[in-house]
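A closer look at the structure
Below are the chains, spelled out letter by letter.
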There are 2 protein chains.
Amino acid sequence: MLRISKMTDYAVVLATHLAATSGPHAARDLALQTQIPEPTASKVLKKLARAGVVISQRGAKGGYALARRPEQIGINEVIEAIEGPIAVTECSDETTDSFCEYETNCGVRANWQRINLAVHRALSEISLADMAFPGTAELVSIALSGKDAERMRGAGTPNNDVH
Amino acid sequence: MLRISKMTDYAVVLATHLAATSGPHAARDLALQTQIPEPTASKVLKKLARAGVVISQRGAKGGYALARRPEQIGINEVIEAIEGPIAVTECSDETTDSFCEYETNCGVRANWQRINLAVHRALSEISLADMAFPGTAELVSIALSGKDAERMRGAGTPNNDVH
DNA sequence: ATATATCGGACCGTTTCAGTCCCATATTTG
DNA sequence: CAAATATGGGACTGAAACGGTCCGATATAT
């Protein structure tokens, strides 16, 4: 079930990259830095912009930047920006209330909702700051709120212990 | 992302129905009772059997029954029986370690794993008994644990968790 | 005015999904 | 033994979604 589409993976990578570097970036730069094909990266960034995860600046010297601070953006926002609202079974689609005469089926449906809630919560508890700087989220993200983000990226995260 | 396929939905409905009724059921009966097209239901049941969620009896008077008691089967088993092991990004595929030169990408990957763990745990904490009898899981499932379900599970062995 | 860069959607090849069908195999029954 | 029943394992197909590309329109800085 938990099949992460490529597009969603790209979105997370791009958003994480934005969180790690700060400042406006053109789609082309981001594509190069993340090794994602340029048109595809552009498409993903558009969706992120429309969902309010990033803000965009058109025209010369334009580009993308995070809409909020990294620690205030949950991964669920990034994921839902690409895949749309978390969809369950099509029984939860209100338009077709066709064959819910069997109470077992609708008991099932109620539990699907519970499952989704749990998943949604798990995702929203992981911020872009966690993704960009695992382990030292607060410290680093505060540190790079200024201009020296690029040196930060070049030096790498000092102590990223993945578990 | 959390896109539940129709097949998986069927699997949950069928498994829940088995949990609610007990005893062996032919695929055709289950299909009728759950309003699922018969060939499709059969296909789903086969997968559930191969995954060890249900046990099957071939030949005349054959059919399907749960492999274990409803409260001992997690929803994650049913889901994974249909959709295969929980897949993340294809970066976790070991065969192609292509472009993980950028540490941000692999930081992302490590976090995907964390997300999946959370989801997996949330799913495994919901049993088929919860699905079949929400609120009164223990009582009811104990009440129907006897009967002809034992016959299918193997007449002589009193407490087999075979799969 | 011109260069830059996003916005919006069209387009297309490939893959996956949902569903059906067939034959082999196993088991019960007469 | 033979016939009837019911699952096992795939093959097959039409429809939909996915991944990726491209183009014209629009907005902005120089």
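Coordinates for the structure precede this section.
Residues numbered from 1 in each chain as written. Chains lettered and ligands numbered in written order. Predicted model: local features only at pLDDT ≥ 70, side-chain atom pairs only at ≥ 80, totals over all residues. Heavy atoms only, no water.

1. Some words on the protein's contact with DNA strand C
Neighbouring residues of DNA strand C: 27 residues in total, closest A:Ala27, A:Ser56, A:Tyr64, B:Lys6 and B:Lys43. Within the side chain of A:Arg50, a nitrogen or oxygen atom sits 3.2 Å from a phosphate oxygen of DNA strand C. In this structure, A:Ser56 approaches DNA strand C through a side-chain N or O atom, which is 2.5 Å from a phosphate oxygen. Of all elements in the fold, only helix H3 (38–50), strand S1 (54–57) and strand S2 (63–66) of chain A together with helix H1 (6–21) and helix H3 (38–50) of chain B reach the threshold of two or more residues within the surface near DNA strand C. Of the residues that constitute the surface near DNA strand C, the class distribution is 9 nonpolar, 9 polar and 9 charged. (Near = heavy atom within 4 Å. Polar contact = N/O pair within 3.5 Å; in protein donor to acceptor, adjacent residues only side chain to side chain. Helix = DSSP H or I, 4+ residues; strand = E, 2+ residues; numbered from the N terminus. Nonpolar A, V, L, I, M, F, W, Y, C, P; charged D, E, K, R; others polar.)

2. So, the pattern of salt bridges
Residues and elements named next belong to chain B. Considering all chains together, one arrives at 7 salt bridges over all chains under this definition. Across the pair Arg 69 and Glu 71 runs a salt bridge whose closest N-O atoms are separated by 2.7 Å. The exposure class of Arg 69 is partly exposed, given its relative accessible area of 28%. (Salt bridge = Lys/Arg side-chain N within 4 Å of Asp/Glu carboxyl O. Buried < 20%, exposed > 50% of the residue type's maximum accessible area, 1.4 Å probe, protein only.)

3. Describing helix H1 (residues 6–21) of chain A
Between its first and last C-alpha atoms H1(A) spans 23 Å; for 16 residues at 1.5 Å apiece the expected length is 22 Å, and the two agree. Once H1(A) ends, the next one or two residues include A:Ser22, with phi positive near 65°. (Expected span 1.5 Å × (residues − 1).)

4. Digging into unusual backbone geometry
Residues and elements named next belong to chain A. Phi at Gln 35 is positive, roughly 70°, even though this residue is not glycine. By relative accessible area, which is 36% here, Gln 35 ends up partly exposed. Its identity is not glycine, yet Lys 61 carries a phi of approximately 65°, on the positive side. Tracing the backbone shows Lys 61 in the loop between S1 and S2. Residue Lys 61 is classed as exposed on the basis of its relative accessible area, which comes to 81%.

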